[in-house]
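# Summary of the model geometry
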Amino acid sequence: MKQLLLSIIAIPALIILLYSFRSPDPQPPAEDRTSVREDVRPVKISGIVRKNETLDSIFNKHGLDKQELSAIYDTSREQYDLSKIAVGSVYSFDLDRSDKKVRRMQYGIDDTSFLSVKRSPEGFSAERVTLPVERRVGLLYINIKGSLASSMPGTHKEYLRLALDLSDIYAWDIDFFNDIRNGDSVKIIVEELWIGEAFKGYGNILAAQFNNNGTIHYAYRFEHEGHADYYDREGKSLRKSLLKSPLKFKYISSRFSKRRLHPKLRVYRPHLGVDYAAPEGTPVSAAGNGTVVFSGRKGQMGKMVRIKHPGGYETYYGHLSRIPKNIGKNVKVSQSDVIGYVGSTGLATGPHLDYRIKVKGKFVNPLTVRLPRGKSVPPDIMAEFIKAAEHFEIKLATIPVPAVASTEKKKKVSG
C-alpha cells in the first residue's frame, strides 16, 4: 500500500519531468525518418526513488555502467548533491542501446526544478533547470463552520497556508479564534501556481471580502514603490499600530473590567486587561513596533514584558513562563516578534496571558480600543488604486455562492 501511495503521489511530478519539460531528441527530416535504425534510438528508463535507495543502488538495479557514476556525482555537485536523493523523487535516464552508457540523466529536485546531466565528447555537464511557473487567477468562496482552517475546501497543506495568509491579512481587524462565527463567509481572489497542467499551490491573495458577524471587511492587494500591502475600499491600510491579539491558539478567559471577582483572592477589584487562556509555552508576539521598557518579574503579574510604542501606547504581557534572553530593557522589537511564552507565573490559576494596553497613561480595553492605521495609498496614485479596487470588486461579485470556482476546472493539488 505504501509503495502504491508513493507512486500515486509522484505521478504528476513524473509527468512534468519526463514529458512536459524534456527537450525532444533531435529528429531527422520527415523524408528520412524511415531510415533511422531502431538500434540507435536511446533506451529510456524512469523511476521513483524508493526507501533506502541511493543513486548507486539505482545504477545497480538498472544494470548501468558504474564507471560513469563517479563522473556524474562530481559533475553535479555544484548544482545538486546526488548523495542526498529523496524518497518519492523521480529520475530518468537516456541510455545508448548498445552499451547502456548514460547519454542524459534527469532528477526531480523539487516541485519547480530538476537536475539535467548530459554527456558530450568532452564529458558530462550538469545544470539545474527551473520549470516555468504560470500564475493563474483562482476564485474561492468559503462558508465558515467552526474555524476558517476546518472550513477550507480541502485538507492539503496549501489550503491551510491559504487560511493562515488570510488570518495575517485581517490580523488587525479580526481575531480568528474569538471573533469568527458559524455562517461567516469569505470570497477570495488568489494566484494559483501551475506547472503545465499540474496545480502546485497558491501564490498571493489578490483580494478578499470577509463577512464577519454581519460586517464586511475588504482587502485589496496593491503594490507601489516596490512594496505590496493590503488596503480597504478607501485605500486605507489594513495594518494598524497594534495587532488585534498578541497570540494565537487561545480563548478569552477573562475580559477587561473595572470590578471583577478575582478567581484566587476572591475579592472584587479592577481587571485592566484581557486574559487569554492558552497552553503553556504558546508564543506571545509583540503587538506592535516599539522598545522594551521592562522585562522580568513584576509582583502578581509574574514574569512580564512591557513595551512602549509610538503615539503614547504601551502594552503589557503578564504571567509568562519565560522570556527570551534577547528581550531585555531598551531592546527594540518589531510587530509579531516573539517576546515571551504563555505561563502561570505570579498570581495565576492556570496558564494564560494577561494582556493590557495603556494609552497616554490610562489603561483601555484591548478589545474595543480604536488604533491608528498604517499609511494609506498616496494621493498621487489613488486613481490607480481605485481602478484596481473596482476591478477586484467586480471579480468578487462574480464568485458564485456557495460553489467553489477555480480556473475553469476542478483541480487536485499535486506534489
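## Topic: unusual backbone geometry
Phi is positive for Asn 213, close to 55 degrees, though the residue is something other than glycine. Tracing the backbone through its elements, the reader meets Asn 213 in the loop between strand E8 (198–212) and strand E9 (215–224). The backbone of Lys 360 sits at a positive phi, close to 50 degrees, despite the residue not being glycine. Tracing the sequence through the fold places Lys 360 in the loop between strand E21 (352–359) and strand E22 (362–364). On the accessibility criterion, Lys 360 (71% relative accessible area) is exposed.

## Overview of the sheet that holds strand E3 (residues 102–110)
Sheet architecture is open: five strands sit in the order E1-E2-E3-E4-E5, paired in antiparallel fashion. Sheet topology places strand E1 (43–48) and strand E5 (123–130) at the edges, where each strand pairs with a single neighbour. Put simply, the sheet's adjacent strands are angled 15 degrees from each other on average, direction ignored. Bridge count for strand E4 (residues 113–120) against E5 is eight bridges, and the pairing is antiparallel. Paired with Phe 114 across the bridge in E5 is Val 129.

## Things to note about the environment of Arg 373
Looking at the secondary structure, you find Arg 373 in the loop between E22 and helix H5 (382–397). The residues touching Arg 373, leaving out its near neighbours within four places in the chain, are Asp 173, Asp 232, Lys 236, Ser 237, Leu 238, Arg 239 and Lys 240. One polar contact links the side chain of Arg 373 to the main-chain carbonyl oxygen of Ser 237, over a distance of 2.8 Å.

## So, the pairing of strand E10 (residues 227–231)
Direction of pairing for E9 relative to E10: antiparallel, over a ladder of five bridges. Across the sheet, residue Phe 222 finds its bridge partner in E10, namely Asp 229. Counting the residues between successive antiparallel strands, the hairpin from E9 to E10 contains two residues, one of them, Glu 225, with a positive phi of roughly 55 degrees.

## Let's talk about the sheet that holds E10
Backbone-to-backbone hydrogen bonds pair the strands of a sheet. The strands run either parallel or antiparallel. One open sheet accounts for five strands, arranged E6-E7-E8-E9-E10; its pairing is antiparallel. The sheet is open, and its two edges are formed by strand E6 (134–143) and E10, each paired on a single side. Recorded for the sheet is a direction-independent mean angle of 25 degrees between the axes of neighbouring strands. Strand direction decides the pairing type here: strand E7 (residues 185–195) and E8, joined by ten bridges, are antiparallel. What sits directly across from Leu 193, in E8, is Gly 201. The sheet strands contacting helix H4 (residues 157–169) are E6, E7, E8, E9 and E10, and the helix crosses E8 at an angle near 35 degrees. Across the sheet, H5 lies against E6, E7, E8, E9 and E10, angled at about 130 degrees from E9, the strand it touches most.

About the criteria used
Residues numbered from 1 in each chain as written. Predicted model: local features only at pLDDT ≥ 70, side-chain atom pairs only at ≥ 80, totals over all residues. Heavy atoms only, no water. Helix = DSSP H or I, 4+ residues; strand = E, 2+ residues; numbered from the N terminus. Buried < 20%, exposed > 50% of the residue type's maximum accessible area, 1.4 Å probe, protein only. Pairing = 2+ DSSP bridges. Axes fitted to C-alpha atoms, helices over the stretch in contact; angles between N-to-C directions. Contact = heavy atoms within 4.5 Å. Polar contact = N/O pair within 3.5 Å; in protein donor to acceptor, adjacent residues only side chain to side chain.

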